[in-house]
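The residues making up each chain are set out below.
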Amino acid sequence: MFKKGLSYSALNTARCAVFSIDINVSVVQDHIPVGKHFLVCRHLKGVLIKVKPVTRYNIIWSVDTVLDYLSLFWPLDEINLKELTLKLVMLIALTTGQGCQTLTFLDISEQNMQKNDKCFNFALTGQLKQDKPGQVFGNVCLYKYPVRELCVYETLSYYISTTEKLRNSTKLLVSFIKPHRAVTSPTIGRWIKNVLGQAGIDTERFSGHSTRFASTSKARLSVSTDVILATAGWTKESTFRKFYNKPIAVSNQMSLAVLN
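The text that follows walks through the structure, step by step, so that each part is easy to find. Note that the structure is a prediction, hence the values are computed from the model and not measured.

Attention now moves to the packing of aromatic side chains. Under the counting rule described, the total for this entry stands at 4 aromatic pairs. Each ring, one from Tyr-69 and one from Phe-73, has its centre 5.1 Å from the other, and the planes form 85°; the classification is edge-to-face. With respect to class, Tyr-69 is no different from Phe-73; both count as buried. Relative to Phe-122, the ring of Phe-120 has its centre 6.4 Å away and its plane inclined at 20°; by these criteria the two rings are stacked. For Phe-122, a relative accessible area of 0% corresponds to the buried category.

Structure, rendered in structure tokens:
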């Protein structure tokens, strides 16, 4: 695998796949896992030195650029359903730090959505890829923001009332073209990438999943890491620091930090 040019991550995944296989090594000890054999460990350390792992993005696009573009879609009653949908999706992704998968689990049925004067609270209807026993991320909150042009709460309220007679699903996000079915994660990713392109972001470099990097990196400038971890659904600070805290190219603190 190394000679084929595969990364350290790929080799380590293969190591984990055979980790539970026991082998007999009489010189060292009996019945040790292949993944713990000293030659395997030494080899992986050598690969790590020779092929240093790199993150997907070294820098990230400016959230302010996208927010300036989204503020143009105002007032809400003068934009079409497509523009309303794209604006809502981008605002949710930015203010929550959630990925496309999470957005597909937002449901407006009475048992899954609660609304009060300050926020919408969604209980997720599916299991996220980072969920594990004892650590399940269960709720997404969308808070009011004083600048109405960028208020996800107001945009969501208007979106629900607009799609009430069109939708045939209780899933929050539905297609803006007939028959208005619930959309999948790849569709949401395409929508976000569409908005990024229209806002002037290089979509050849940044995908629709890059909102998670951009929003959390900006929020880190003014709120604590604990707030970001709780809002985005991470359990380890090292995950955020290693993969998501990039230089700029459960409360409402993170959403305010992103929008301000």
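This next bit is on the environment of Arg-205. Mapping Arg-205 onto the fold places it in the loop between α7 (185–198) and α8 (211–219). Given the relative accessible area of 46%, Arg-205 is considered partly exposed. Expressed as a C-alpha distance, the spacing of Arg-205 and Ile-60, which sit 145 residues apart in the sequence, is 9.7 Å.

Before going further, it helps to spend a moment on the nonpolar core. The nonpolar side chains of a soluble globular protein tend to be buried with one another. Formed by 57 residues in total, the largest nonpolar core has its most connected members in Trp-61, Val-66, Leu-70, Phe-122, Leu-172 and Leu-173. Examining the composition of this core, we find that 10 residues originate from one element, helix α4 (residues 81–96), more than from any other.

Take the side chain of Arg-212 next. Within the secondary structure layout, Arg-212 lies in helix α8. What makes Arg-212 buried here is its relative accessible area of 9%. Side-chain polar atoms of Arg-212 contact the backbone oxygen of Gly-97, separated by 2.5 Å.

Analysis parameters
Residues numbered from 1 in each chain as written. Predicted model: local features only at pLDDT ≥ 70, side-chain atom pairs only at ≥ 80, totals over all residues. Heavy atoms only, no water. Phe/Tyr/Trp six-rings, centres within 6.5 Å; stacked < 30°, edge-to-face > 60°. Buried < 20%, exposed > 50% of the residue type's maximum accessible area, 1.4 Å probe, protein only. Helix = DSSP H or I, 4+ residues; strand = E, 2+ residues; numbered from the N terminus. Core = buried A, V, L, I, M, F, W, Y, C linked by side-chain atoms within 4.5 Å. Polar contact = N/O pair within 3.5 Å; in protein donor to acceptor, adjacent residues only side chain to side chain.

Shape descriptors only; they carry no functional weight alone.
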